[in-house]
Amino acid sequence: MRFNFLEIKRKKDRYVFLLLLLLMLSYTVGFFVTTYAVLFVARIGFMSGASFPSVIRWVNHQLFHTRLGLQVLLAAVVLSLVSWLLSGFSLRHIVSMFKGYPPEPDDRYHKQFVNIIDEVKIASGIKNIEPRILPDTDINAFTCQDFSGKIVIGVTEGALAKLTRHELEAVVGHEMGHVMSGDVVTTTMFSAIMSVYAAMKEVGLGMLKLGLAGVYSYRSARDRDSRVNIRASRSSGINVLALIGLVVFIISLLWSYLNYMLITLISRQREYRADALAIKIVRDPISLARALLKIKNGHKSVKLITDKTVGALFISNPFTPERLSSGSSLAESLFNTHPPITDRISIVCNIAGVSPDELERQIIAEEKAKIEARSKTGLIFLGDKEDGADFQVDSGADRWMVFLDSAWRGPFTVKELATMGLPPDTFIKREGEEGHSMIQDNPELMMGLFGVSARVEDAGAQDGDEVSGNAKKQVYCPRCRDVLLSRADYEGVLVLACPNCFGVLLDRDHLKKILLRKEVGFSDDIRQWGDKLFSMVEISGKRYEIAPIKREPSFVCPVCGDRKFGAKQETISMMYKRVFAKKFPVQVDICGLCGLIWFDKGELEVLQYMFEKKAEEMGVSVEEVWNNIPEIGISWGG
Amino acid sequence: MAILMGVFLLFLLTIVALVVLVAGAYNSLVQLRNRVKNAWAQIDVQLKRRHDLIPNLVEVAKKYMQHERETLEAVIKARTQAINVSADNLEERVKAENFLSQTLRSLFAVAERYPNLKADAQMMRLHEELVSTENKIAFARQFYNDETTLYNTKIEMFPMNIIAGMFNFQKMPLFEADEEERKEVKIEF
Ligand SMILES: [Zn+2]
Ligand SMILES: [Zn+2]
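Residues numbered from 1 in each chain as written. Chains lettered and ligands numbered in written order. Predicted model: local features only at pLDDT ≥ 70, side-chain atom pairs only at ≥ 80, totals over all residues. Heavy atoms only, no water.

The subject of this paragraph is the overall build of chain A. Of regular secondary structure, chain A possesses 21 helices and 15 strands. Put simply, chain A has 638 residues, and 51% of those count as buried. Residue pairs in contact within chain A that sit at least 24 positions apart in sequence constitute 69% of those at least 6 positions apart. Of the roughly 29500 Å² of accessible surface on chain A, 59% is carried by carbon and sulfur atoms. (Helix = DSSP H or I, 4+ residues; strand = E, 2+ residues; numbered from the N terminus. Buried < 20%, exposed > 50% of the residue type's maximum accessible area, 1.4 Å probe, protein only. Contact = heavy atoms within 4.5 Å. Areas by Shrake-Rupley, 256 points an atom, 1.4 Å probe, with all protein chains shown as cover.)

Next comes the structure, spelled out in structure tokens:
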């Protein structure tokens, strides 16, 4: 289909104008009520003993027979205009509230979303659409647009992990439906205005608290000193502050609810309309129905977005999950920005010609089959020659014999020794020589094996690089020392991995993403390893008993370690030997400075396996397990 | 004399009016034709992208699908054909690209039987890019067809057909929708 842009624009203008009228009305009513209440309270407070009718007469006179009334009206109109204009340009503010970030082109799941947005751009002819990702693990999506015409469409990490491409297309189609029908600008403005009310409520509450605290301290002072010569006006001044605070609080509360109701009334049908447009654009009602079903089923998980005023912008309001089914009371539906999701599902299913129950059974069966068909391949190197990922061989270097398990073994190169996890008190000797010593007595070996590397002198040259998991930066394996980490795909996330020892370097955000996604399958070894770690937790419960300690010295962080040493600071930032969490005692290495986590071969898979098993046992989602981890990186005593 | 002058002036005015009308019609036709060309350029970008992706795809697929030589070769052949058609011959290009779409579809159908290939991260990335490119081609084609229909109808209608004939405006070919395309869904609320 093609879209009629003039029609869209006309609808949009109508909505925006309607919003201005509503805003002016509510501001005027609100201002008069507030002024009336404040005058009333102030009069009562200062003129003790005045009768009610006289006070009301006075207030009426002040408000309707002096210039004050006109001024209040003017202020209401001007302020409504100002907030209307401000809210029309508040896209940045709203988007920043979600803590969203731009998609990473290297992430396979993010790339898919970017592609879908690009397709929508071609289909609709609308070019200024910006894709965004929210860290939330729930399935959700939002769109907003301001007066400048710029559109932001965002989806959550949860949506990317759990929806198929077709379902994601349908969700983006729904968001485009809001853009097409022109209601997205109003919803954006409405959300911005609502956040002003929220701020006002806070101010009122603050005044109330301050006033009450003043009353309390005055009373306690009087009780203690039994002095009565404190001026009476001071106490009444404090009382008035508290009362005004209370009035502002209550009125802004009522006021925001009034506006909320008005906006839900004028936009009652907008979710249905966006669903209909999504079907028209994507021509795939079943995928939309499936996406809505998945949203409904996934709604129990924890939300990360904290500001409730923006709920109306989402495909499914993240703050009212309990109102998912139809048959809620009138009062509830008055305050709900979205129609019950079950109603939407049954309508879309009707169009698709399937029953919701049947579709739900299909989804469950599919997910089961998908888990069984998970591939066993985890880490896949994306051989990119530019990054110098080629294996480096150190020819001509010294070779060493090692005294291991009561015999001399070897010879090994320094690089090979570094992979073996030898403690510093291991006996070593040069190949072909007799005299032996310990590793710790040999500065050259200490340098090569533990930490202080030979690259200290060129550490200064790297100083301009960004410290991040960026693939363009040359990062060496902390275990193999002189092997460059290389780009690899793990669960669609671009990670840095060692082609020699198959360790993986990750930050927490990317780790969380990996735990959410379910492509990699687990071998029997991994399963046994994970089960063993679980049983260790159960037996002892004491954290320093839970895991056998790897007898090896700490690594230097491959990203910030050498650099700090060489260039600026005297300290080397080490990666500490830690267990990942109390209930997940997988041993990892965590940098004390940048927090990057190093997983040796298999450790990432084990952690993933344990998370999924725990989630299955508790009957919750993986994200809930993640959110319930009190602390990442626990030392095991000593 | 005055009458002659009047007739002459009228004649002159008519000529001027005619020239203005023809020029206006000509300009509007040029504008429409440019819009069709722009729409084609949008498709062209995506077709080129597809041509670039296919060698990588075949490279990755080869590792897993030694027994599917024919399917892979058909794709390579179709790609070569599509590249070698001259850029001006739209009708031929449309045909060649449609054929390439078909061979790609059969390649992906066969790939379904190779779980290891499907699980290859590079294959997943390439597959996603190709799916997206196909979608973009489909959307760009819709856009192209809409613009072309507008243009083709215009140059067939009186009096535009005279001007189109005078300045040699020719009809543009339409992309035929293939059967695999999604059908429009009827919505009733
Ligand atoms: Zn390594
Ligand atoms: Zn670090």
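Listed as interface residues are 25 residues of chain B and, on the opposing side, 32 residues of chain A. Carbon and sulfur atoms make up 57% of the surface buried where chain B meets chain A, a total of about 2600 Å² over both sides. Run the count over chain B and chain A and you get three salt bridges. Across the pair Arg125 of chain B and Asp489 of chain A runs a salt bridge whose closest N-O atoms are separated by 2.7 Å. Applying the counting rule to chain B against chain A returns 10 residue pairs in polar contact (both at pLDDT 80 or more). A total of 15 residues in the side of chain B that touches chain A trace back to one element, the largest contributor, which is helix 5 (residues 121-156) of chain B. (Buried area = accessible area lost by both parts, 1.4 Å probe. Salt bridge = Lys/Arg side-chain N within 4 Å of Asp/Glu carboxyl O. Polar contact = N/O pair within 3.5 Å; in protein donor to acceptor, adjacent residues only side chain to side chain.)

Now for the environment of Cys591 of chain A. Within the secondary structure, Cys591 of chain A is located in strand 14 (residues 584-591). Not counting residues within four places of it along the chain, the set of residues in contact with Cys591 of chain A comprises Cys557, Cys560, Ser573, Met574, Met575 and Leu596 of chain A.

Turning next to the sheet that holds strand 3 (residues 151-156) of chain A. All names here are of chain A. Across the sheet, which stays open at both edges, the three strands sit in the order 1-3-2 with mixed pairing between neighbours. The open sheet is flanked by strand 1 (129-134) and strand 2 (141-145), the only strands paired with a single partner. This sheet shows a mean twist of 20° between the axes of neighbouring strands, independent of strand direction. Bridge analysis of strand 1 against strand 3 gives six bridges, and the strand direction is parallel. If you follow Glu130 over to strand 3, its bridge partner there is Val152. The strands touched by helix 5 (residues 108-124) are strand 1 and strand 3; relative to strand 1, the strand with the most contacts, the crossing angle is about 155°. (Pairing = 2+ DSSP bridges. Axes fitted to C-alpha atoms, helices over the stretch in contact; angles between N-to-C directions.)

What follows concerns helix 10 (residues 270-282) of chain A. Residues and elements named next belong to chain A. Between the first and last C-alpha of helix 10 there are 18 Å, a value that for 13 residues agrees with the 18 Å anticipated at 1.5 Å per step. When you tally the buried positions in helix 10, you get 11 out of 13 residues, the bulk of the element. Within helix 10 the residues assigned to the buried category are Arg270, Glu271, Tyr272, Ala274, Asp275, Ala276, Leu277, Ala278, Ile279, Ile281 and Val282. Phi for Arg283, located one or two positions after helix 10, is positive at around 60°. (Expected span 1.5 Å × (residues − 1).)

All right, on to the pattern of salt bridges then. All names here are of chain A. Here the structure, examined in full by the defined rule, presents 34 salt bridges over all chains. Where Lys121 meets Asp118, a salt bridge forms, and the shortest distance between an N and an O atom there is 3.8 Å. Remark: Asp118 and Lys121 occur in helix 5; sequence separation between them is three residues, near one turn of the helix. Taking relative accessible area as the criterion, Lys121 reaches 19% and is therefore assigned buried. Between Asp600 and Arg479 there is a salt bridge, with the nearest N and O atoms lying 2.7 Å from each other. Of this pair, Asp600 sits in the loop between strand 15 (597-599) and helix 20 (603-618) while Arg479 sits in the loop between helix 16 (443-449) and strand 9 (486-490), placing them 121 residues apart in sequence. Three or more residues are tied together by salt bridges with common partners; here these are Glu104, Asp107, Glu157, Lys513 and Arg517.

To continue, consider the nonpolar core. Residue and element names in this part refer to chain A. Within the largest apolar cluster, 42 residues are counted, with the highest numbers of intra-cluster contacts made by Phe113, Ile129 and Met176. A per-element tally of this core places helix 7 (residues 165-181) first, with seven residues. Ignoring sequence-local partners within four residues, the contact set of Met176 consists of Val120, Ser124, Ile126, Ile129, Ile153 and Ile281. Residues Val495, Ala615, Trp626 and Ile632 belong to the second largest nonpolar core, which totals 35 residues. (Core = buried A, V, L, I, M, F, W, Y, C linked by side-chain atoms within 4.5 Å.)

Residues and elements named next belong to chain A. Positive phi is not limited to glycine here, since Glu491 has a value of about 55°. Taking the relative accessible area as the measure of exposure, Glu491 reaches 1% and is therefore buried. Although it is not a glycine, Phe502 adopts a positive phi angle of roughly 60°. Within the secondary structure layout, Phe502 lies in the loop between strand 10 (493-497) and strand 11 (504-506).

When a strand is regular, its side chains alternate between the sheet's two faces. All names here are of chain A. As paired elements, strand 5 (residues 399-404) and strand 6 (residues 407-413) share five bridges and run antiparallel to each other. Across the sheet, residue Trp400 finds its bridge partner in strand 6, namely Phe412. Between strand 5 and strand 6, which pair antiparallel and follow one another directly, the connecting turn spans two residues, one of which, Asp405, has a positive phi of 50°. Bridge analysis of strand 5 against strand 7 (residues 427-430) gives three bridges, and the strand direction is antiparallel. By the bridge assignment, Val402 is partnered in strand 7 with Ile428.

Before going further, it helps to examine the coordination of the zinc ion (ligand 1). Residues and elements named next belong to chain A. Here the zinc ion (ligand 1) is held by the protein donor atoms Cys477 (SG), Cys480 (SG), Cys498 (SG) and Cys501 (SG), which lie 2.2 to 2.3 Å from it. If you look at the zinc ion (ligand 1), its four donor atoms make angles of 107 to 115° with each other, and the shape they trace is tetrahedral. Coordination of the zinc ion (ligand 1) draws on donor residues from a single chain, spaced C-x2-C-x17-C-x2-C in sequence. Pair check on accessibility: Cys477 and Cys480 agree, each one buried. (Donors = N, O, S within 2.8 Å, 3.2 Å for Na, K, Ca; no water. Tetrahedral: all angles 85-135°; square planar, octahedral: opposite > 155°, others 65-115°.)

Residue and element names in this part refer to chain A. With their axes 7 Å apart at the nearest point, helix 7 and helix 10 run at an angle of 120° to one another. In this structure, helix 7 meets helix 10 at a crossing whose hand is right-handed. Contacts from Glu169, Ala170, Gly173, His174, Met176, Gly177, His178, Met180 and Ser181 of helix 7 reach helix 10 at Arg270, Glu271, Arg273, Ala274, Asp275, Leu277, Ala278, Ile281 and Val282. Of the residues assigned to the contact of helix 7 with helix 10, the class counts are eight nonpolar, five polar and five charged. (Left-handed = near helix turned anticlockwise from the far one by under 90°. Nonpolar A, V, L, I, M, F, W, Y, C, P; charged D, E, K, R; others polar.)

Residue and element names in this part refer to chain A. Over its 17 residues, helix 7 extends 24 Å from the first C-alpha to the last, a length consistent with the 24 Å expected when each residue adds 1.5 Å. Summarising burial for helix 7: 16 of the 17 residues are buried, a large majority. Taken from the residues just after helix 7, Gly182 is the one with a positive phi, measuring 80°.

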